[in-house]
Amino acid sequence: MFKHIKKKHIKNLITLTIAGVVNAFGITIFLTPVKLYDSGISGTSMLLDQITPEHLTLSIFLLVLNVPLFLFGLKKQGKLFTIYAIYTVAIYSVFAWLITDVFPIDVSIASPLAGTDLLLCALFGGVISGIGSGLAIRYGGAMDGIEVMAVIFAKKLGVTVGTFVMVYNVLLYVICGIMLESWILPLYSIVTYAAALKTIDFIVEGVDRAKCAIIITEMPDEICKTLSETFGSGMTYLEAKGGYSNREKSMIYFVVNRYQVIRMRDIVHEIDPLAYITISEVADVFSNNNKND
């Protein structure tokens, strides 16, 4: 058991290392050269890097701003998350410094890969940094302390975590626009934010999400047998009672992919034309075998 836990921690740390490197690549290669901004504390650090003396770099601000926030959220988020998050940000910070100050890569004027094309820089910077952030979240860490603050303060302020983060980022981009006396870069930064947000969803929740079917029927045995034979997977069903008819029914819980939904529906209605079916999306399915039962 302890060997398994140790192996899992090693795997997580390797993935978090990759996440930090990927995020640093996206930020320093695509965003900072053309003065576009990431979201959250990362974006705040990029702004401070531009308006403060030269010796105060992006890497320093990433650590100075993020680490206290992660430590502040220690009780709420737990020790392991805090360690993972600080480690990930440290990797992000170190590789951002290596790319900008050590490696023979010129990122002072334009992106080495996208030049000064703001749209390309915004899209690719957002997607790549989103991959890094998504990997960090998926493997137990975080790339930005603003999410921790959102978890702690959003409920106290009567808003959702997503709203808290969005308001912070809107204020950040407004401040950037005022400081730069131009709204072009902050507006392109919103494109970066949107691209990163969508990418994080894909990484954390999966690109090809499964579909969950809940089937209310009076013929559970026949339906379960046919679905199991057709799709090669199991299902779970519970006894239920119709609220209006007061008749005994069964509720079947069955997970399929998007391409199997229509076939599943046709099979169910061939057996029981009166069956009631609802379909919803599920992000991840965890199972040790191919069948639920």
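The coordinates are above.
Cut-offs and rules
Residues numbered from 1 in each chain as written. Predicted model: local features only at pLDDT ≥ 70, side-chain atom pairs only at ≥ 80, totals over all residues. Heavy atoms only, no water. Helix = DSSP H or I, 4+ residues; strand = E, 2+ residues; numbered from the N terminus. Rg over C-alpha atoms; globule rule 2.2 N^0.38 Å. Areas by Shrake-Rupley, 256 points an atom, 1.4 Å probe, with all protein chains shown as cover. Lys, Arg positive; Asp, Glu negative; His and termini not counted. Charge placed at Lys NZ, Arg CZ, Asp CG, Glu CD. Patch = residues over 30% accessible without salt bridge, like charges linked within 9 Å, V, L, I, M, F, W, Y side chains within 5 Å. Salt bridge = Lys/Arg side-chain N within 4 Å of Asp/Glu carboxyl O. Buried < 20%, exposed > 50% of the residue type's maximum accessible area, 1.4 Å probe, protein only. Phe/Tyr/Trp six-rings, centres within 6.5 Å; stacked < 30°, edge-to-face > 60°. Contact = heavy atoms within 4.5 Å. Expected span 1.5 Å × (residues − 1). Pairing = 2+ DSSP bridges. Axes fitted to C-alpha atoms, helices over the stretch in contact; angles between N-to-C directions.

Asks: If you had to explain the overall build of the protein chain to someone new, which residues and values would you point to?
Replies: Regarding its fold elements, the protein chain presents 11 helices and four strands. Scaling as 2.2 N^0.38, a compact globule of 293 residues should have a C-alpha radius of gyration of about 19 Å, whereas the protein chain reaches 24 Å, well beyond that. When its C-alpha atoms are laid out on the principal axes, the protein chain stretches across 75 × 45 × 40 Å. About 16400 Å² of surface is accessible on the protein chain, with carbon and sulfur atoms providing 65% of the total. In the protein chain, the 23 positive side-chain charges and the 24 negative ones have mean positions that sit 8 Å from each other.

Asks: Account for a nonpolar patch on the surface, naming residues and giving values.
Replies: On the surface, M166, V167, V170, L171, V174, I178, W183, L187 and I190 cluster together into a nonpolar patch covering about 830 Å² of accessible area. Top contributing element to the nonpolar patch by residue count: helix α8 (residues 161–180), with six residues. Tracing the backbone through its elements, the reader meets W183 in the loop between α8 and α9 (184–205). Look at W183 and you get partly exposed, because its relative accessible area is 45%.

Asks: Requested: an account of the packing of aromatic side chains, with residues and values cited.
Replies: If you walk through the whole model with that rule in mind, you get five aromatic pairs. The interplanar angle of 75° and the centroid separation of 6.2 Å between the aromatic rings of F25 and F30 together place this pair among those described as edge-to-face. Judged by its relative accessible area of 34%, F25 falls in the partly exposed class. With centroids separated by 5.7 Å and ring planes inclined at 50°, the aromatic side chains of F231 and F254 adopt a geometry described as tilted. Within this pair, whereas F231 is found in helix α10 (residues 220–231), its partner F254 is found in strand β3 (residues 248–256), the two being separated by 23 residues in sequence. With relative accessibility at 16%, the residue F231 sits in the buried group. Among the aromatic residues, ring-to-ring pairing joins F25, F30 and F124 into one connected group.

Asks: Which residues make up unusual backbone geometry, and what are the values?
Replies: It is generally the case that most residues other than glycine have a negative phi and that most peptide bonds are trans. Even without a glycine there, the phi angle at K35 is positive, about 65°. Topologically, K35 is positioned in the loop between α1 (2–31) and α2 (40–51). The exposure class of K35 is partly exposed, given its relative accessible area of 39%. A positive phi is found at E181, a non-glycine position, where the angle reads about 55°. The topology assignment puts E181 in the loop between α8 and α9. Judged by its relative accessible area of 73%, E181 is exposed.

Asks: Run through the environment of F30, naming residues and quoting values.
Replies: Summarising the element assignment, F30 is placed in helix α1. Linking F30 and T199, residues 169 residues apart in sequence, is a C-alpha distance of 16 Å. Setting aside residues no more than four positions away along its own chain, F30 makes contact with F25, S111, L113, A114, C121, F124, G125 and I128.

Asks: Report on the environment of L274, specifying residues and quantitative values.
Replies: Positionally, L274 belongs in the loop between α11 (261–271) and β4 (276–282). Between the C-alpha atoms of L274 and E218, which are 56 residues apart in sequence, the distance is 8.7 Å.

Asks: Tell me about helix α5 (residues 79–102), and name the residues and values.
Replies: End to end, α5 covers 33 Å across 24 residues, agreeing with the expected 34 Å (1.5 Å per residue, within 8%). Within the sequence span of α5, burial applies to F81, T82, Y84, A85, T88, V89, I91, Y92, S93, A96, L98 and I99.

Asks: An account of the sheet that holds strand β2 (residues 236–241) is requested, with residue identities and associated values reported.
Replies: The strand order across the open sheet built from four strands is β2-β3-β1-β4, with neighbouring strands paired in antiparallel fashion. Only two strands of the sheet have a single neighbouring strand rather than two, namely β2 and β4. Averaged over all neighbouring strand pairs, the angle between strand axes comes to 20°, with direction disregarded. Pairing geometry for strand β1 (residues 210–217) and β4, over seven bridges, is antiparallel. Bridging across to β4, A210 finds its partner in V282. Its contacts with the sheet place α10 against β1, β2 and β3, and it is angled at close to 10° to β3.

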